[in-house]
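If you want the building blocks of each chain, they are given just below.
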Amino acid sequence: MTPIKSPLAPRADATTVLAHTDLHGRTAVVTGAASGLGVETVRALLSAGARVIMPVRDTARGEQVARDLAQETGNSDVHVLHLDLGSLASVRQAAAAILAAAPRIHILINNAGVMATPQGLTADGFETQFGTNHLGHFQLTRLLMPALLAAAPARVVSLSSSAHRLSDIRWDDPNFQTTPYDPWQAYGQSKTANALFAVELNRRYGPQGVTANAVHPGGIMTGLQKHMPEGEAQRRGWIDENGVPNPAFKTPAQGASTSVWAATAPELDGVGGLFLEDLQQSTPLDEANPSPLFGYRPHALDADSARRLWTLSDQMIEQTGQ
């Protein structure tokens, strides 16, 4: 089967992707929209006429971003509310507020995330990255499902990463309770979880008109790297000795492009369960000659693992009473 592709160049920016798309009358929810890729995602959606809800941890910063984007795009239909993905109580409160404001949600972009954090636990006792990147979005999406179904056809976009290659799900110890903590293994696990979540969400709700795909935005320097020492970023080849990003990396505006393409492209109507990057359907990683920034490992789209992760996630949340 020929991979699905956008007619645009892989490095087109998000606003260009939506330049000929009319989203008036559609509501989008974008997590983590106060910085980095989230800002560019909201900018493109507002420019296309969408109503956008921004659940963010830092509401003061989110309000400033919303004001700036409203003035720039001429679309003032942008709304900010508080969401801490590391707290299931906050997720429940945010979901209730979103549902009250938007009984129909056409687009949900689970964009927020943390990367390579020091070892820690969320408010509910989960490893920080697994709890924030995966479980917070897992529960938010489930709580918003009535509004997504009401708007069907609707789309969910789950932000993954090439870092999913670093780790499958650690089924016996997802919270690193019995094994030494490695921040990159933990990040990789959470990004695998983001991809598997899209696979199972699509299996469950695709027939009802809510499709889901995973997106790798590409290599981009944003606030996501705040826990990475400069020396480590240089050793990894992400920046040079002067702090200049690797020329293979994208700008945030380019990085947001696959998210908005996944959320709106007609070539993806009714299509889900894919791993998308560079404005196209990704392909399995060539293990003999792996690309640093393109291609997925099969564990990220494994249907059995996706079902197993859904069950595990449900059980983990249920045990908290949230």
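Refer to the structure above for everything that follows.
Residues numbered from 1 in each chain as written. Predicted model: local features only at pLDDT ≥ 70, side-chain atom pairs only at ≥ 80, totals over all residues. Heavy atoms only, no water.

Peer 1: Requested: an account of the pairing of strand 3 (residues 78-82), with residues and values cited.
Peer 2: In this structure, strand 2 (residues 51-56) lies alongside strand 3, joined through five bridges in parallel fashion. Paired with Val52 across the strands is Val78, a residue of strand 3. (Pairing = 2+ DSSP bridges. Helix = DSSP H or I, 4+ residues; strand = E, 2+ residues; numbered from the N terminus.)

Peer 1: Explain the sheet that holds strand 7 (residues 275-277) to me, using residue names and the numbers behind them.
Peer 2: Strand order in the open sheet formed by eight strands is 3-2-1-4-5-6-7-8, with mixed pairing between adjacent strands. Two strands lie at the open edges of the sheet, namely strand 3 and strand 8 (280-281), each paired on one side alone. Direction of pairing for strand 6 (residues 210-216) relative to strand 7: parallel, over a ladder of three bridges. Directly across from His216, in strand 7, lies its bridge partner Glu277. Where helix 5 (residues 128-151) meets the sheet, its contacts fall on strand 4 (107-110), strand 5 (154-159) and strand 6, and the angle it forms with strand 4 comes to roughly 165°. Here helix 9 (residues 257-264) sits on the sheet and contacts strand 4, strand 5, strand 6, strand 7 and strand 8; the angle it forms with strand 5, its principal contact strand, is near 155°. (Contact = heavy atoms within 4.5 Å. Axes fitted to C-alpha atoms, helices over the stretch in contact; angles between N-to-C directions.)

Peer 1: Can you lay out helix 2 (residues 36-47) for me, pointing to particular residues and giving the numbers?
Peer 2: Spanning twelve residues, helix 2 covers 17 Å between terminal C-alpha atoms, matching the ideal 16 Å at 1.5 Å per step. Residues of helix 2 that are buried include every one of Leu37, Gly38, Val39, Glu40, Thr41, Val42, Arg43, Ala44, Leu45 and Leu46, and no others. Directly beyond the C-terminal end of helix 2, a positive phi value near 100° is found at Gly49. (Expected span 1.5 Å × (residues − 1). Buried < 20%, exposed > 50% of the residue type's maximum accessible area, 1.4 Å probe, protein only.)

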